[in-house]
Amino acid sequence: MVGRYQITLQARQARSASSAALAALLAIVLALALASVLFVSSGSGVLAGYRVVFSYAFFNPHGAVATLHRAVYLLLCTYAFLLPLRAGLWNIGLPGQVYAGALAAFGVPAVLGMSREAAPGWPPGAVIGLMILAAAAAGAAVGSVAGVLRARLQVNEILVTMMLNSILFWLVSFMIKEGGPLMGATAEGESFTLPLLLRAPLAGGIPVTAALAAAGAVLIDPLLARTALGYRIRAFGENPQAARYGGISPLALSLLVFAAGGATAGLAGYHTFAAIPGVYKIPGNYGFYGDLSFYGLITALIARGSALAAVPIAVLLSGLSLGARFAQGMLRLPFGVDYALLGLLMMTFVASHILDRFRVVWRRTPAGVLQPAPGDSRG
Amino acid sequence: MSDDRAVPLADPATPLLLARGITKRFPGVLALDRVDLEVRAGEVHAILGQNGAGKTTLMNILFGLLRPDEGVLYLRGRRVQFRSPHDAIAAGIGMVHQTRRLVAAHTVLENIILGHPRARGLLRLRRLRPEVEALCARYGVRVDLDARVWQLPEGQRQWVEILKALYGGARILILDEPTSALTPPEVAGLLAGLRTLVQEQGVTVLLVTHKLPIVKASSHRVTILRAGRVVARLVTAEATEDVLVRHMVGRDVAFRPAEDVTAGRPLLQVNGLWAYNDKGLPSVRGITFSLREGEVLGVAGVTGNGQEELAQVLAGLRPPAAGTVVFDGQDITHLPVLQRWQRGIGYVPADRSELASIAAFSLVENTALTYHFDPAFTPRGLLDGAGLEGLTQRIMAAFGVAAPHPYVRARHLSGGNLQRLVLGRVLSRAPRLLIAHLPTQGLDVEATAFVRGKILEARARGAAVVLISEDMDEILSCSDWVAPIYEGRFVAILSRREADPETVGAMMAGLERGVRVP
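What counts and how
- Position labels on residues start from 1 in each chain and follow its written sequence.
- Chains carry letters from A onward and ligands carry numbers from 1 onward, assigned in written order.
- With pLDDT at 70 or above as the cut-off, local features in this predicted model cover only qualifying residues; side-chain atom pairs require 80 or more to be listed or tallied, and sums for whole chains, interfaces and linings still use all residues.
- Secondary structure elements follow DSSP: runs of H or I of four or more residues count as helices, runs of E of two or more count as strands, with numbering from the N terminus.
- A pair of residues counts as a contact when their C-beta atoms, built from backbone coordinates, are separated by no more than 7 Å.
- Each nonpolar core reported here comprises buried Ala, Val, Leu, Ile, Met, Phe, Trp, Tyr and Cys residues connected via C-beta atoms within 7 Å.
- With C-beta atoms placed from the backbone, a residue counts as buried when 20 or more other C-beta atoms lie within 10 Å of its own, as exposed when 12 or fewer do, and as partly exposed for counts between those limits.
- Note: two strands are recorded as paired if DSSP finds a minimum of 2 bridges between them.
- Residues are grouped as follows: Ala, Val, Leu, Ile, Met, Phe, Trp, Tyr, Cys and Pro are nonpolar; Asp, Glu, Lys and Arg are charged; all remaining types, including Gly, are polar.
- Angular values range over 0 to 180 degrees, each being the angle between N-to-C directions of two axes fitted as lines to C-alpha atoms, with helices fitted over their stretch in contact.
- Every angle not falling under 35 degrees, over 145, or within 65 to 115 is termed oblique; those three ranges are roughly parallel, roughly antiparallel and roughly perpendicular.
- Crossing handedness follows the turn of the near helix against the far one: under a right angle anticlockwise gives a left-handed crossing, and clockwise gives a right-handed one.
- The pLDDT score gives, residue by residue, the confidence of the prediction method on a 0 to 100 scale.
- Expected span of a helix, by definition, is 1.5 Å for each gap between consecutive residues, and there is one gap fewer than residues.

**As for the overall build of chain A**
Then step 1. Per the secondary structure count, chain A includes 13 helices and four strands.
Then step 2. Summarising the internal contacts of chain A: among those between residues at least 6 apart in sequence, 77% fall at separations of at least 24.

**Some remarks on the nonpolar core**
Then step 1. In this structure, Leu 76, Ala 105 and Ala 274 of chain A are the most contacted members of the largest nonpolar core, which totals 202 residues.
Then step 2. Not counting residues up to four positions away in its chain, the partners in contact with Ala 274 of chain A are Ala 102, Ala 105, Phe 106, Met 131, Leu 194, Ala 200 and Tyr 280 of chain A.
Then step 3. Ile 61, Leu 166, Leu 194 and Ile 214 of chain B belong to the second-largest nonpolar core, a separate cluster that totals 65 residues.

**Concerning the pairing of strand S14 (residues 322-327) of chain B**
Residue and element names in this part refer to chain B.
Then step 1. Here strand S11 (residues 266-276) runs beside S14; their pairing, made up of five bridges, is antiparallel. In the sheet register, Val 270 faces S14, and the bridge partner there is Val 325.
Then step 2. Pairing analysis gives two bridges linking S14 to strand S15 (residues 330-331), with the strands arranged antiparallel. Note on S15: the bridge partner recorded for Val 326 is Asp 331.
Then step 3. Adjacent in sequence and paired antiparallel, S14 and S15 are bridged by two residues, among which Asp 328 carries a positive phi angle near 55 degrees.

**A word on the interface of chain A and chain B**
Then step 1. Each partner contributes residues to the interface: chain A has 22 residues there, and chain B has 31 residues.
Then step 2. At the level of secondary structure, the elements contributing two or more residues to the side of chain A that touches chain B comprise helix H8 (228-238) and helix H9 (240-245) of chain A.
Then step 3. By residue number, the principal contributor to the side of chain A that touches chain B is H8 of chain A, which donates six residues.
Then step 4. Residues that form the side of chain A that touches chain B fall into these classes: eight nonpolar, eight polar and six charged.

**With respect to the sheet that holds strand S5 (residues 78-80) of chain B**
All names here are of chain B.
Then step 1. Pairing in this open sheet of four strands is antiparallel, and the strands run S2-S1-S4-S5 from one edge to the other. The outermost strands of the open sheet, each flanked by one partner alone, are strand S2 (29-39) and S5. Averaged over neighbouring strand pairs, the angle between their axes works out to 30 degrees when direction is ignored.
Then step 2. As defined by bridge partners, strand S1 (residues 17-26) adjoins S2 across seven bridges and the pair is classed as antiparallel. Bridge assignment links Phe 26 to a residue of S2, and that residue is Val 29.

**Concerning the sheet that holds S15 of chain B**
Residue and element names in this part refer to chain B.
Then step 1. The strand order across the open sheet formed by four strands is S12-S11-S14-S15, and the pairing between neighbours is antiparallel. Each edge of the open sheet carries a strand with a single partner, namely strand S12 (282-292) and S15.
Then step 2. Sitting on the sheet, helix H9 (residues 307-315) touches S11, S12 and S14, and the angle it makes with S12 is about 60 degrees.

**A closer look at the packing of helix H5 (residues 124-153) of chain A against helix H6 (residues 157-176) of chain A**
All names here are of chain A.
Then step 1. It is the contact of H5 with H6, at a shortest axis distance of 9 Å, that shows an interaxial angle of 150 degrees. Our classification of the angle between H5 and H6 gives roughly antiparallel. Handedness of the crossing formed by H5 with H6: right-handed. For the pair formed by H5 and H6, the contact residues are Val 142, Val 145, Ala 146, Leu 149 and Arg 150 on the first element and Glu 157, Val 160, Thr 161, Leu 164 and Leu 168 on the second.
Then step 2. A class-by-class count of the residues in the contact of H5 with H6 yields seven nonpolar, one polar and two charged.

**Comments concerning H8 of chain A**
Residues and elements named next belong to chain A.
Then step 1. Counting buried residues along H8, nine of its eleven residues qualify, which places the element largely inside the surrounding structure.
Then step 2. Those residues of H8 that fall on the buried side of the exposure criterion are Ala 228, Gly 230, Tyr 231, Arg 232, Ile 233, Arg 234, Ala 235, Phe 236 and Gly 237.
Then step 3. Of the surrounding elements, those touching the buried residues of H8 are helix H3 (61-86), helix H7 (209-226), H9 and helix H10 (250-275).

**Description of the packing of helix H4 (residues 125-139) of chain B against helix H5 (residues 154-167) of chain B**
The angle between the axes and the distance between the axes are what describe a pair of packed helices.
Residue and element names in this part refer to chain B.
Then step 1. Their axes nearest at 11 Å, the elements H4 and H5 cross at an angle of 110 degrees. Of the possible angle classes, the one that applies to H4 and H5 is roughly perpendicular. Of the residues in H5, those in contact with Val 132, Leu 135, Cys 136 and Tyr 139 of H4 are Leu 163, Leu 166 and Tyr 167.
Then step 2. Tallied by class, residues from the contact of H4 with H5 come to seven nonpolar, no polar and no charged.

**Let's talk about the environment of Val 504 of chain B**
Residue and element names in this part refer to chain B.
Then step 1. Within the secondary structure, Val 504 is located in helix H16 (residues 501-508).
Then step 2. Val 504 gets classed as buried once you count the C-beta atoms within 10 Å, which come to 26.
Then step 3. Separated by 22 residues in the primary sequence, Val 504 and Val 482 have C-alpha atoms spaced 8.0 Å apart.
Then step 4. Once you skip the residues sitting within four places of it in the chain, Val 504 turns out to touch Ala 300, Met 472, Ile 475, Val 482, Pro 484 and Ala 499.

**Here's the deal with the pairing of strand S9 (residues 221-226) of chain B**
All names here are of chain B.
Then step 1. With five bridges joining them, strand S3 (residues 44-49) and S9 adopt parallel strand pairing. Within the sheet, the bridge partner assigned to Gly 49 lies in S9 and is Leu 225.
Then step 2. With six bridges connecting them, S9 and strand S10 (residues 229-235) associate as antiparallel partners. For Val 222, the partnering residue across the bridge sits in S10 and is Leu 234.

**Some words on the confidence of the model for chain A**
Then step 1. Model confidence for chain A is summarised by a mean pLDDT of 86, while 89% of its residues fall at 70 or above.
Then step 2. Ignoring residues within four places in sequence, the model shows residues 366-379 of chain A, a span with pLDDT below 50, making 13 contacts including any to other chains.

**Concerning unusual backbone geometry**
Then step 1. Despite not being glycine, Tyr 280 of chain A shows a phi value in the positive range, around 55 degrees.
Then step 2. Summarising the element assignment, Tyr 280 of chain A is placed in the loop between H10 and helix H11 (286-302).
Then step 3. Its 20 C-beta neighbours within 10 Å are what place Tyr 280 of chain A among the buried residues.
Then step 4. For Asp 328 of chain B, which is not a glycine, the phi torsion comes out positive at approximately 55 degrees.
Then step 5. Within the secondary structure layout, Asp 328 of chain B lies in the loop between S14 and S15.

**Regarding the environment of Pro 109 of chain A**
Residues and elements named next belong to chain A.
Then step 1. Relative to the helices and strands, Pro 109 is located in helix H4 (residues 94-111).
Then step 2. Among the residues examined, Pro 109 registers 27 C-beta atoms within 10 Å and is labelled buried.
Then step 3. Between the alpha carbons of Pro 109 and Gly 93 there is a distance of 26 Å; along the sequence they are 16 residues apart.
Then step 4. What Pro 109 contacts, discounting residues up to four positions off in sequence, is Met 114, Ser 115, Val 127, Leu 194 and Leu 198.

**Regarding H4 of chain A**
Then step 1. With 18 residues, H4 of chain A should reach 26 Å at 1.5 Å per residue; the first-to-last C-alpha distance of 25 Å fits that figure.
Then step 2. Of all 18 residues in H4 of chain A, 15 are buried, a share of seventy percent or more.

Given below as structure tokens:
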């Protein structure tokens, strides 16, 4: 009580999409305002700093393409987290599934003896298709391990996926370093470079994987909202006991979402190592991309489980991380500006969620009810 | 409030607790509409009403769990505002909820002192123990302080909660549906204990219930709520049960017991069924029975004698350890849940809010819980939204589910409405075998009669029914066969003529041959 007023924090009953979008926009502005401290400290102007960040990320021909490539990667990782999330399961195995996808993709030409050049007899298009399928299947297989252990033995999926991340990390290392089957010709701790003909076809510098990411953005939300399968996923996510009562098999469902999620993470692995111009190999610092995949997790949480809403967020996170890294070099900013910016952005997004879910209410206490109760006079 | 033991007021007519014009709205529902309540010191004041009448909402406001949108509370003539249950407890109000809120793995003593200010930091169990023992002695409660709560029967657990409230300094006790999970002897014990508390210790009791015998047996005065409004305030001794019912329901209620229906062909054969409970102990221990179409088997027993596990095995939610289940000539012992629904086995579980419905889903989406596999409602793998909405509306109309529209979330339904929805959804599939576990638990008079009527309708249509209940009236009025269950076994399977309350009651308590007439 403040005098005759009462201030309470009330849960909002319904949140419209526009209010959620507005909250997200405010979060971005706030994060940028907070991050301006980083630019001030370096001596360059705040506006000038942001101009460099944004113009590189979204308007520079090289930067914009890089942003797009990274956004495709993040989106595929986002779906990998989002599908199990809607079933109430946490897929923390994004890096492992990404590595598995990349290994399988490079495994196809290696097995076919095409690590130097595309061999005759196999149409390159078929090999590329095979690589994509193998990447998805490998990611799905790694994801399924967590799904089966979860449903059959109630093993926590977070622990399983985390451990698989380590296993797959070292498996990549074994495969691409000295003597490994996927080793590059120069023994630099990298995989071989894909032969020219086996690189993903490009349209305007954009690989086919962008179409997969776009398809996911358009299809996943309606799949969850409208189909019987999507209903089962959501029901299991809201109340696994009730879902089981309704005939939904926990094993089949956990397996399905982890396999589907793992498959999209596997595609992310294919995309980032085998489809982006200028890469076409698993580089020695592949662990960086594994860490980056966790931004898919964050994107899915910020987008509140919506694949379509994840698109602008993934683009923004990609652009800011690349733009800030570029500005860091150009303006001689302190090391780590890009991660600081992403970190601030996450915090303001989380804050905006809470503010969006509750509202502050001022209410005047009606004067009538303050009259003394009967019996007050008696003391 | 340190002087809250100084209860007696000069004028007995001065209310101890007074609520004025309490209004509470939930989305789409006016839960309480300008409710006035007056509780005098040292009385048992019953709050009577049907499901969804607003009883629990009102109590939650008195206990600080909810804030009223309008209205004021006065305690001992002073205006009070409870921001949380802490404020209410500090003011000497204690609440015992409908569902237990104890730590099952802890001892009784630990549960009683948990959360008490004196139990912060280092737990000095040995020092606090004499206080708790003195409390038990003062209130005449016998309970083993070293027993783990999970080992206690329901009636004892309730006393642990009452003791906990008293230890916290409560002088006003709110009991929300305290008898709903108790056996008849436990109910008698509870009422006797409350009498001692009130008469000898001057505690004031607010008793929320929809059971008339409880009101008649225990209360001094009664406030009757209907649809969020106070419809009557009566001195209990001056009101007959008929008067109370008419106020509570708004009209007279009658329930017609089962008529004879010729049984059809054999549908269900259960042979030597064993199953483990969640603790890994055998809790269904060799159950054998068979059931024909159009027959009701009433499984009568005190909760915890294997009923839950039996129902789950029949529904496919728990694997049996041994034995077979044959349905319609086919062995379904290991058939998945989904295929049981498809073959016409419908299960109404006791736990409708956690197991049979999804709180965050709309009523339409809850209907889909047993239709997501039905080709008629999933053309080309898509959910048929319009079809499900129509079906939901038909269920709501036929079963009297009170909700503003079918897109309300299930969490906003009262317990009784949720039960109507769950039962309506299961029966809408026209099951050939219906497993109904405690179908009228927590329901009011009217809803109980309605639900029993619907179960008998299913029987008349030729469905076989396994009706699991603790309610003797329900068992005897609905069943063709009565199977008292004790420690995982059917003590006997009695025909309706053989089953009289004394025999069934004795068998439920484990006496093999029932009561011998002297």
